[in-house]
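# Summary of the model geometry
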Amino acid sequence: MDADLHCPLCGEEKARLRFEQAPHRVQDCAGCGVTYVSPRRTGRELIEEVYDESYWRSNSPSSRGYADYAGDAALHERTYGRRLQVLEKRLPRAGRVLDVGCAEGSFLQLMQNRGWSAFGLEPSPSMAQLACARIGEDRIQTASLDRARFDSECFDLITLWDVLEHLPAPIEGLQRVREWLSPQGRVLIETQDISSLMARVCGARWQHFKHDEHLVHFTPATLESACRKAGLRLIHTQRRGAGKYVRGAFLVERSARIHRRWPGLLRPFLGGDWSVYVNPLDEIIAIAEPLP
Ligand SMILES: [Zn+2]
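So, here's what we can say about the structure. (Residues numbered from 1 in each chain as written. Predicted model: local features only at pLDDT ≥ 70, side-chain atom pairs only at ≥ 80, totals over all residues. Heavy atoms only, no water.)

### Notes on the overall build of the chain
Within the chain one finds ten helices and 13 strands. Here the C-alpha atoms of the chain give a radius of gyration of 18 Å, agreeing with the 19 Å that 2.2 N^0.38 yields for 292 residues. A principal-axis box enclosing the C-alpha atoms of the chain has dimensions of 50 × 45 × 35 Å. Looking at the chain as a whole, 52% of its 292 residues qualify as buried. Within the chain, residue pairs in contact and separated by at least 24 positions form 69% of the contacts whose partners lie at least 6 positions apart. Between the centroid of the 39 positive side chains of the chain and the centroid of its 38 negative side chains there is a distance of 6 Å. (Helix = DSSP H or I, 4+ residues; strand = E, 2+ residues; numbered from the N terminus. Rg over C-alpha atoms; globule rule 2.2 N^0.38 Å. Buried < 20%, exposed > 50% of the residue type's maximum accessible area, 1.4 Å probe, protein only. Contact = heavy atoms within 4.5 Å. Lys, Arg positive; Asp, Glu negative; His and termini not counted. Charge placed at Lys NZ, Arg CZ, Asp CG, Glu CD.)

### Details of the nonpolar core
Leu98, Val100, Leu121, Ile158, Trp180 and Leu223 are the most contacted members of the largest nonpolar core, which has 47 residues in total. Here this core gets four residues from one element, more than from any other, and that element is helix H6 (residues 170-180). Those residues within four positions of Leu98 in sequence are excluded, and the remaining contacts are Phe119, Gly120, Leu121, Phe150, Phe155, Leu157, Ile158, Thr159 and Trp180. Counting 23 residues, the second largest nonpolar core, distinct from the first, contains Leu84, Phe107, Trp116 and Ala242. (Core = buried A, V, L, I, M, F, W, Y, C linked by side-chain atoms within 4.5 Å.)

### Focus: the pattern of salt bridges
Taken as a whole and assessed by the stated rule, the structure comprises 19 salt bridges. Taking the shortest distance from any N to any O, the salt bridge between Arg41 and Glu49 comes out at 2.9 Å. A relative accessible area of 15% places Arg41 in the buried class. Residue Lys244 is joined to Asp162 by a salt bridge in which the shortest nitrogen-to-oxygen separation is 3.3 Å. Here Asp162 lies in the loop between strand E7 (155-161) and H6 and Lys244 lies in strand E11 (residues 244-247), a separation of 82 residues in the sequence. Residue class for Lys244 comes out partly exposed when judged on its relative accessible area of 25%. Asp162 gets classed as buried once you look at its relative accessible area, which sits at 17%. Sharing partners across several salt bridges, the network here consists of Arg83, Asp162, Glu190, Lys244 and Glu283. (Salt bridge = Lys/Arg side-chain N within 4 Å of Asp/Glu carboxyl O.)

### Points about the environment of His214
Structurally, His214 can be placed in the loop between helix H7 (197-202) and strand E9 (216-217). With relative accessibility at 6%, the residue His214 sits in the buried group. Considering only alpha carbons, one finds His214 and Leu167, 47 residues apart in sequence, at a separation of 8.2 Å. When residues no more than four places from it in sequence are discounted, the contact partners of His214 are Val37, Glu165, His166, Gln192 and His208.

### Quick look at a nonpolar patch on the surface
Together, Ile258, Trp262 and Leu265 make up an exposed nonpolar region whose accessible area comes to about 300 Å². Looking at where Ile258 falls in the secondary structure, it is placed in the loop between helix H9 (248-254) and helix H10 (262-270). Overall, the relative accessible area of 46% leaves Ile258 in the partly exposed class. (Patch = residues over 30% accessible without salt bridge, like charges linked within 9 Å, V, L, I, M, F, W, Y side chains within 5 Å. Areas by Shrake-Rupley, 256 points an atom, 1.4 Å probe, with all protein chains shown as cover.)

### Some thoughts on the state of the cysteines
As used in these notes, a disulfide is a covalent bond between sulfur atoms, one from each of two cysteines. For the structure shown, the criterion picks out zero disulfides. Not part of a disulfide, Cys154 finds its nearest cysteine sulfur in Cys102, a span of 15 Å. The exposure class assigned to Cys154 is buried, which follows from its relative accessible area of 15%. (Disulfide = S-S within 2.5 Å.)

### Topic: unusual backbone geometry
Cis geometry marks the peptide bond from Ala22 to Pro23; its omega dihedral reads 5°. With respect to the helices and strands, the residue Pro23 is situated in the loop between strand E1 (15-21) and strand E2 (24-29). In this model, Ser38 is joined to Pro39 through a cis peptide bond whose omega is -10°. Here Pro39 is to be found in the loop between strand E3 (35-38) and helix H1 (43-50). One non-glycine residue, Ala103, adopts positive backbone phi at about 50°. You can see Ala103 is positioned in the loop between strand E4 (96-100) and helix H4 (106-113).

### Examining the side chain of Glu165
Looking at the element boundaries, Glu165 is found in the loop between E7 and H6. Buried charge without a salt bridge: Glu165, with Lys244 as the nearest opposite-charge side chain at an N-O distance of 7.0 Å.

### Observations regarding the coordination of the zinc ion
Bound to the zinc ion are the protein donor atoms Cys7 (SG), Cys10 (SG), Cys29 (SG) and Cys32 (SG), situated 2.3 Å from the metal. Mapped onto the sequence, the donors of the zinc ion take the spacing C-x2-C-x18-C-x2-C. Placement of the pair is Cys10 in the segment before E1 and Cys29 in strand E2, with a sequence separation of 19 residues. Judged by its relative accessible area of 38%, Cys10 is partly exposed. Residue classification places Cys29 among the buried positions, given a relative accessible area of 5%. (Donors = N, O, S within 2.8 Å, 3.2 Å for Na, K, Ca; no water.)

Below, the structure is given as structure tokens:
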């Protein structure tokens with residue numbers, strides 16, 4: 001693993017340790033205050049070793065990836081449908097949208113249905129292929145954020161759903177987004193909030209600690225400062241609508257975070273084929289506009 005020990009936001013080396021789960025340390029930067037994981041993978045190593053096929057169909061989704069991401073497309077559509085309902089008044093009415101990390105294209109499909117001209121960016125070839133089939137070959141770039149190519153100021157809305165915490169260099173990523181955003185455009189960022197009540201109560205067991213993939217943990221304040229460094233101004237944050245539809249099996253699997261025996265106890269009662277909307281209020285949706 002790349003021994004990247006510096007803060008991914010400001011480059012500072014000094015940090016205060018929150019806890020250690022070898023080989024990872026979760027720590028707060030002494031310079032900018034953001035919480036980050038050290039050491040962590042970067043560059044091609046990150047894409048190839050963490051986001052391979054077993055990320056999307058993982059045998060151990062509580063520590064990495066998803067049980068069956070593409071198989072849950074219907075749940076993702078329900079989640080995004082609900083989020084769009086909640087957010088509708090805060091977003092541009094129509095235009096060109098780019099979804100960064102679009103996976104199989106569920107969000108873009110909904111936007112296309114609403115009259116948007118939809119574009120996606122997805123580093124995983126298998127997910128990008130599914131998105132191409134749904135959205136159109138010419139609409140999806142199979143690339144990471146740092147290698148993508150779009151014209152400057154060409155999008156009215158750019159969305160990062162569960163993406164920012166995965167980026168090895170979040171500010172550089174947001175700078176690219178800023179470059180592609182039209183002067184009246186909006187960026188929508190959804191990410192987990194380490195200052196939330198749920199995160200504080202759960203401590204090291206918090207469900208969003210997945211050290212191979214979640215490299216940075218934001219609060220509204222550190223997100224605001226990251227946006228500012230990238231030339232964006234946060235104009236709104238909310239927790240409402242940041243929940244997800246999940247399968248019963250997901251809840252059973254995550255209950256291992258409370259105690260390793262819980263999944264065995266819960267499976268007979270909750271393990272069937274059902275789903276529910278869950279919002280533990282530990283994620284935020286933020287909307288930003290470009291600074292002049
Ligand atoms: Zn820092």
